[in-house]
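# Structure assessment
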Amino acid sequence: MENADDNDLVSGVLGGSEDAARALFDRYWPTAWWTAYSVLGDRAGADDSAQESIARAFSSLARFDTSRPFRPWLARITANHSMNVLRSRRREILVADPSPNGHRPDHAELSGDHDLLIAAIRRLSEDRRVVIALRYFGDLEPSEIAYALGVPTGTVTSRLSRALTELRTLLEVAR
């Protein structure tokens, strides 16, 4: 199953194959998790959002267009769900503090630099945050991001450029 292409796995999942579901999950869990983490900024939230996003994607597989790539479709679902979670959090707490109550993500791959970067990303506007999340944490190309967000590629390129400029400024101030 690991060498099967995405469409074969999707067909397998739709046919009830647990092996296909496990292979598709394993293949795209990192993309979903890093996308969610870069939007939300905390490990527990990323775990929940990525898991919910994959569950939503799996429950919608019958509507998935197999002529399109799976990864941008899942990334769009994840980014949208994570942004909805973030919006609901804003009603509860301010998001300016990257580590409320001193909590820091404990994911093995994270370091202080990652925490600083995620804190800066959290300060970007939603449009800029999502393109950064999809490009650098979801590992999508600008054309894939454009498809995922339903905007022109030029819009994605522009948002990425502006987001990177803003991130540089935020990171210089933070150091």
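Counting restarts for each chain, with residues numbered from 1 along the sequence as it is written. A pLDDT threshold of at least 70 governs which residues receive local features in this predicted model, and a stricter bar of 80 or more applies before side-chain atom pairs are shown or counted, although totals over entire chains, interfaces and linings include all residues. Computation of side-chain values: all heavy atoms of the structure, hydrogens and water removed.

Attention now moves to the packing of aromatic side chains. Between the rings of Phe, Tyr and Trp (Trp by its six-membered ring), a pair exists once the centres lie within 6.5 Å; its type follows the angle of the planes, with under 30 degrees stacked, over 60 edge-to-face, and the other angles tilted. What the rule picks out here adds up to nine aromatic pairs. Seen from their ring centres, Trp34 and Phe137 are 5.7 Å apart, and the 20 degrees between their planes marks the pair as stacked. Of this pair, Trp34 sits in helix H2 (residues 18-40) while Phe137 sits in helix H6 (residues 126-137), and the two are 103 residues apart along the sequence. You can call Trp34 buried: its relative accessible area is 14%. Chaining the aromatic ring pairs together yields one cluster made of Tyr28, Phe64, Phe70 and Trp73. Note on conventions: DSSP H or I runs of at least 4 residues are helices, E runs of at least 2 residues are strands, and numbering of each starts at the N terminus. Only protein chains enter the accessibility calculation, which uses a 1.4 Å probe; a residue is then buried when its area is under 20% of its type maximum, exposed when over 50%, and partly exposed in between.

Here an angle of 0 to 180 degrees is reported between the N-to-C directions of two axes, which are lines fitted to C-alpha atoms, with helices fitted over the stretch in contact. Helix H3 (residues 43-59) packs onto H2 with a crossing angle of 135 degrees between their chain directions and a minimal axis gap of 8 Å. By the angle class used here, H2 and H3 are oblique. Judged by the sense of rotation from one axis to the other, the crossing of H2 with H3 is right-handed. Seen from H2, the contacting residues are Ala21, Leu24, Phe25, Tyr28, Trp29, Ala32, Trp33, Ala36, Tyr37 and Leu40; seen from H3, they are Arg43, Gly45, Ala46, Asp47, Ser49, Ala50, Gln51, Ile54 and Phe58. When the residues that make up the contact of H2 with H3 are grouped by side-chain class, the tally is 14 nonpolar, three polar and two charged. An angle below 35 degrees is treated as roughly parallel, one above 145 as roughly antiparallel, one from 65 to 115 as roughly perpendicular, and anything else as oblique. Here a crossing is called left-handed whenever its near helix is offset anticlockwise from the far helix by less than a right angle, and right-handed whenever the offset is clockwise. The criterion used for residue contact is that any of the two residues' heavy atoms lie within 4.5 Å. As a working rule, the residues Ala, Val, Leu, Ile, Met, Phe, Trp, Tyr, Cys and Pro are called nonpolar, Asp, Glu, Lys and Arg charged, and the rest polar, with Gly in that last group.

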